[in-house]
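Working through the structure, step by step
Below, each chain spelled out in residue letters.
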Amino acid sequence: LKGGVQQLRGVSGGFVESDANGTFTTAPYKSIDVDVTNQVVTLIEDGKEVDRFLCSTGAVGTDTPLGDYTIYAKLSAVDMRGPGYFAPKVPWVMVFKGDYTMHGNYWATSFGRRSSHGCVGLPVDTAKYVYDWTPMGTTIHIHE
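From a predicted model like this one, the values you see are computed outputs, not experimental measurements. (Residues numbered from 1 in each chain as written. Predicted model: local features only at pLDDT ≥ 70, side-chain atom pairs only at ≥ 80, totals over all residues. Heavy atoms only, no water.)

**Re the sheet that holds strand β7 (residues 100-104)**
The condition is simple: In this description, strands pair whenever DSSP reports at least two bridges between them. Secondary structure elements follow DSSP: runs of H or I of four or more residues count as helices, runs of E of two or more count as strands, with numbering from the N terminus. For helices, the fitted line uses only the C-alpha atoms of the stretch in contact; every axis is such a line through C-alpha atoms, and the angle between N-to-C directions lies from 0 to 180 degrees. Any two residues whose heavy atoms approach within 4.5 Å at even a single point are treated as in contact.
Strand order across the open sheet formed by four strands is β5-β6-β7-β8, with mixed pairing between neighbours. At either margin of the open sheet sits one strand with a lone partner, and together these are β5 (73-82) and β8 (120-122). If you compare each strand with its neighbour and ignore which way they point, the axes differ by 40° on average. In terms of strand pairing, strand β6 (residues 85-97) meets β7 through three bridges, oriented antiparallel. By the bridge assignment, M94 is partnered in β7 with M102. Running over the sheet, helix α1 (residues 124-133) touches β5, β6, β7 and β8 and is turned about 30° from β6.

Below, the structure is given as structure tokens:
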């Protein structure tokens, strides 16, 4: 960054007095793709698929919301409740839209079919892997 009065200035007119050098390191770009038609979660790093898993998204009437979201909270376990259900200590929870999350689903016996109340359910071991792989701020793209 070049310093001095004739160089880059802030909104209020401020400037850096002398030249400054800095470095930074970028992390790999990660994103998660959720295909509700095929019930598949795909992990993507720097534009390349690194892993994929069967999942269970929202059943008809409790559909998983389609769109692009950001993982903005991660919880190792949380009690979940809604109309007609209570699930204590749900593990490896990643919040992407209000009450909608991706999480471990210890009560499911099979994946690859729509069966949730709107969340993206994964087998518990898979959910732990995805939870550890996913930094806060990761984009999640949910589509048909």
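Next comes the rest of the description.
**Considering α1**
Filter applied, for reference: Working definition: with a 1.4 Å probe on protein chains only, accessible area under 20% of the residue-type maximum means buried, over 50% means exposed, and in between means partly exposed. The arc in question is formed by the directions pointing from the helix axis toward the C-beta atoms.
Those residues of α1 that fall on the buried side of the exposure criterion are T126, A127, V130, Y131 and W133. Angularly, the buried residues of α1 cover 165° about the axis, an arc narrow enough to put them on a single face.

**Remarks on the sheet that holds strand β9 (residues 139-143)**
Spatially, β3-β2-β1-β9-β4 is the arrangement adopted by the five strands of the open sheet, whose pairing is mixed. In the strand order of this sheet, the two ends are held by β3 (48-54) and β4 (67-70), each with one partner. Going across the sheet, the axis of each strand differs from the next one's by a mean of 20°, ignoring polarity. In this structure, β4 lies alongside β9, joined through four bridges in antiparallel fashion. Bridge pairing in β9 links Y69 to I140.

**Brief notes about the packing of aromatic side chains**
This is how it is decided: Between the rings of Phe, Tyr and Trp (Trp by its six-membered ring), a pair exists once the centres lie within 6.5 Å; its type follows the angle of the planes, with under 30 degrees stacked, over 60 edge-to-face, and the other angles tilted. Think of it as a cone above the ring: NZ of Lys or CZ of Arg counts as a charge over the ring if it is within 6 Å of the ring centre and within 35 degrees of the ring normal.
Enumeration according to the criterion identifies four aromatic pairs in this entry. Pairing Y69 with F96 gives two aromatic rings, centres 5.5 Å apart and planes at 45°, and the pair type is tilted. Pair noted here: Y69 is in strand β4 and F96 is in strand β6, with a separation of 27 residues, a long-range link. Sitting over the face of the ring of Y131, K74 holds its NZ or CZ atom 4.5 Å from the ring centroid. Lying across the ring of W92, K128 places its NZ or CZ 4.8 Å from the centre.

**Observations concerning unusual backbone geometry**
Within the chain, Q39 stands out as a residue other than glycine whose phi angle is a positive 55°. Along the chain, the position of Q39 falls in the loop between β1 (30-35) and β2 (40-45). Look at Q39 and you get buried, because its relative accessible area is 2%. Here the phi dihedral of K89 falls at roughly 50°; this positive angle occurs in a residue that is not glycine. With respect to the helices and strands, the residue K89 is situated in strand β6. We classify K89 as exposed; its relative accessible area is 65%.

**Some points on the state of the cysteines**
Our working definition: Count a disulfide wherever a pair of cysteine sulfur atoms falls within 2.5 Å.
Taken as a whole, this structure holds zero disulfides when the rule is applied. Between C55, a free cysteine, and C119, which holds the nearest cysteine sulfur, the sulfur-to-sulfur gap is 12 Å.

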